[in-house]
2 protein chains.
Amino acid sequence: MDIQGDQEARLIIAAGEASPDLYFRTRFLTPDPYTYLEIRSEKIMLVNDLEIDRARKESTADRVLPARDWEKKLSASGKSPSSVNIVSAFLEERKIRNILVPFDFPLGYADGLRKNGFDVTANIGPFFPERAFKSPEEAKMIRTVQIGVEEALGEVVRILKESTIRDGFIHYGGKVLTSEAVKSILKKEMIGKSLLGEHTIVAGGEQACDPHMEGEGPLPAHLPIVFDIFPHHESTRYFSDMTRTLFKGPVKKVHRDLYEAVLEAQKKAISLARPEIESRELHQAVVDTFETLGYQTGEKNGRMEGFFHGTGHGVGLEIHEAPRVGKTGELLKPGHVITVEPGLYYPGIGGVRIEDMLFITGTGFENLTTFPKDWGTVAIP
Amino acid sequence: MDIQGDQEARLIIAAGEASPDLYFRTRFLTPDPYTYLEIRSEKIMLVNDLEIDRARKESTADRVLPARDWEKKLSASGKSPSSVNIVSAFLEERKIRNILVPFDFPLGYADGLRKNGFDVTANIGPFFPERAFKSPEEAKMIRTVQIGVEEALGEVVRILKESTIRDGFIHYGGKVLTSEAVKSILKKEMIGKSLLGEHTIVAGGEQACDPHMEGEGPLPAHLPIVFDIFPHHESTRYFSDMTRTLFKGPVKKVHRDLYEAVLEAQKKAISLARPEIESRELHQAVVDTFETLGYQTGEKNGRMEGFFHGTGHGVGLEIHEAPRVGKTGELLKPGHVITVEPGLYYPGIGGVRIEDMLFITGTGFENLTTFPKDWGTVAIP
């Protein structure tokens, strides 16, 4: 459905901070929902009294109107001043009957609007596809987040260098170093830079075999420890995403081989990154590398092992957004910011994942991740 | 619509951390969406391979099933293995045609399910009304968050005590103290306790006249500074919510009077809190107190002034949830956790808000907020 002419509108009803699409268009953060309409590229916000001053100051909307004006009209005519009725009254004044809404538009509102006689269509795919194509300024905001992440992980590397090994576990400052303690250090370092890092992963040993396990308890020496750090900035709302796998103390060949295999696969995939390539070719390069090196993927004793996730995803106002880098993919284009994050996971051995973030440019890419990943850096004596 | 018998199901498709309803039922946090079904009180999750191990370990669901099983069946029969088709295939096996979904269920999924022949109804009001009634364990989790908030604000009070006043602004450690610096202190203190505080408000002077303004720049002496702190716990996901208004240095009568008026209104409202009272009676007590004391509410020069927001709201897995405490309200019941947060805002003078959080018990309430609010504490010399 094309949005053009006088008769159609795009509509979002959401909290500014819960809807990256809404924030993308208004750059206005709210904890509570408000109404946003786009009519012939005019950006209109209907907000309550509590937000109106700030909305007029901070938002990039063309018009910020008090929802109260329509509330009054509805109450005067004996109708309930609900969000649905306010939007309906507004659209009727504009003689609009057809509305395009995001895929995740609340069904309750949609059914209310349909009952009021509107034709409501859920958009398939991204509501604002232009979100996937970052401007240099947006890439810079993502890089700013990434710099904070790298400084925070640098602090952890410093701690691991000063740590000792006792009974197979890492010790620091006279006591065993836990996932929780390291995550707390990372989060404190990040919050000082206005970075909010939820679900930071610091998972060693068996825990690292489950790619989404956040990790807990004492951190093992000699085994891979996965650090997956993906905060967003409180003000700009942009995310970054990096994974590194670190080791403390002497490492067995099986673990170094695992690491080098993942690194090789990642480098092969990255070397392909450029505009006009299908992103699934990057994924295929990872799959092929692992196959060539003899690392098998499949279910064993009811658990998946090997490489069983996608190679990457877009990053921006959401941690996972377009484009995909997996079995199914998309043509990479200038402005895309994608992760390349192959991993290998074998229960009984351990898990390794390495993730960089690339900004696709007109001619190739800029790697937004500068934290080292060579064996000399990640294997900490 | 009642959910009973074999033929009906409740359905949520959402990320664990984006849907408090889903988390309430499964206690399973994910950044990505998964499918949840409730059929005759059997709690069923359909998850991808990446989450299945952790889901089986951590969730409270009765059955955790691999979405892949239905993906395979769909692919084998030439159908797209989309989320909608996976749910459809599952429901067809169970011979279910009627589905109740949350009000904010994504329209795109709902239209897909309807196209597949299902009868999808958006629930009006809370999807799990029992969420509003906190167990003593949940109240304790909220109180744990609140303790962290009080310790963090205690640190700020300590700093304000050690601060000096120069040119009408607060100075600490040889330089002017800003909103940003104080928010950074609060956030670091909180993150150390696994509390994530977004949108913390530290707003002084004119900024405090807009109840949602987060505040920026140098903090004024002699004028009210509003601290509104409402983090959630990373693991338990429960919020707490407290507001205090603090002053540094000698204060004019007009400001002390403003503070005492808000405190009087708040105490009157709190004194009414008990089970079986209409929550709007608490709001009315605030309105009446301000009217009696001569504090008027209305629009002036295009801006609202006086008391122009609700008196409070429920707190739990969301910062704003049932019940409301405002012009329209609900009967308070044991287990409700509500805020009582009257405020007065006059451009040219300043803004004051005071907020406590009450746990309604069988006979009255427990105030979960213990941070002092007497003039002797909030007026820091």
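Remember, predicted model here, so these are calculated numbers, not experimental data.

Participant: Explain the overall build of chain A to me, and be specific about the residues and the numbers.
Facilitator: When helices and strands are counted, chain A shows ten helices and 24 strands. In chain A, once contacts between residues fewer than 6 apart in sequence are set aside, the share between residues at least 24 apart is 60%.

Participant: Residues and numbers for unusual backbone geometry, please.
Facilitator: Omega for the peptide link from A:Ala322 to A:Pro323 comes to -5°, which places this bond in the cis form. Inspection of the secondary structure puts A:Pro323 in strand S18 (residues 321-325). With a phi close to 50°, A:Asn301 is a non-glycine residue in the positive phi region. Residue position: A:Asn301 is located in the loop between strand S15 (298-300) and strand S16 (303-305). Classification of A:Asn301 as exposed rests on a count of 7 C-beta atoms within 10 Å. In this structure, B:His199 takes a positive phi of about 60° despite not being glycine. Structurally, B:His199 can be placed in the loop between strand S10 (195-196) and strand S11 (201-204).

Participant: Go over the environment of B:Lys134 with me, naming the residues and quoting the values.
Facilitator: Residues and elements named next belong to chain B. Residue position: Lys134 is located in the loop between strand S6 (119-122) and helix H6 (136-162). Distance in space between the C-alpha atoms of Lys134 and Asp228 is 23 Å, their sequence separation being 94 residues. Sequence-distant contacts of Lys134, that is, excluding residues within four places in its chain, are made with Ala139, Gly316, Gly335, Val337 and Phe359.

Participant: Quick one: what's the story with the relation of the copies chain A and chain B, residue by residue and with numbers?
Facilitator: Each copy of the sequence occupies a distinct position, and chain A is placed on chain B by a rotation of 180° and an axial shift of 0.0 Å, giving an RMSD of 0.0 Å. On the angle and the small slide along the axis, the relation comes out as a two-fold axis. It is A:Leu107 whose C-alpha, among those of chain A, lies nearest the rotation axis, at 2.3 Å. Interface residue correspondence from chain A to chain B reaches 100%, placing this contact among same-surface, isologous pairings.

Participant: Can you break down the interface of chain A and chain B residue by residue, with the values?
Facilitator: The interface is formed by 37 residues belonging to chain A together with 37 residues belonging to chain B. Those elements that place two or more of their residues in the side of chain A that touches chain B are helix H2 (49-58), helix H5 (107-115), helix H7 (179-191) and S16 of chain A. For the side of chain A that touches chain B, the element with the highest residue contribution is H2(A), accounting for five residues. The residue inventory of the side of chain A that touches chain B, partitioned by class, reads 17 nonpolar, seven polar and 13 charged.

Conventions adopted
- Throughout, a residue's number is its position along its own chain's written sequence, starting from 1.
- Whichever chain is written first becomes A and whichever ligand is written first becomes 1, with later ones labelled in order.
- Local features in a predicted model are, by the rule used here, given only for residues with pLDDT of at least 70; side-chain atom pairs are given and counted only at 80 or more, and totals for whole chains, interfaces and linings are based on all residues.
- For helices the rule is a DSSP run of H or I covering at least 4 residues; for strands it is a run of E covering at least 2, with both sets numbered from the N terminus onward.
- Here, residue contact means that the backbone-derived C-beta atoms of the two residues sit within 7 Å.
- We call a residue exposed when 12 or fewer other C-beta atoms sit within 10 Å of its C-beta, buried when the count reaches 20 or more, and partly exposed for counts in between; the C-beta positions come from the backbone.
- To superpose the copies, least squares is applied to the C-alpha atoms of every residue with a pLDDT of at least 70 in both.
- For this classification, Asp, Glu, Lys and Arg are treated as charged, while Ala, Val, Leu, Ile, Met, Phe, Trp, Tyr, Cys and Pro are nonpolar and the rest, including Gly, are polar.

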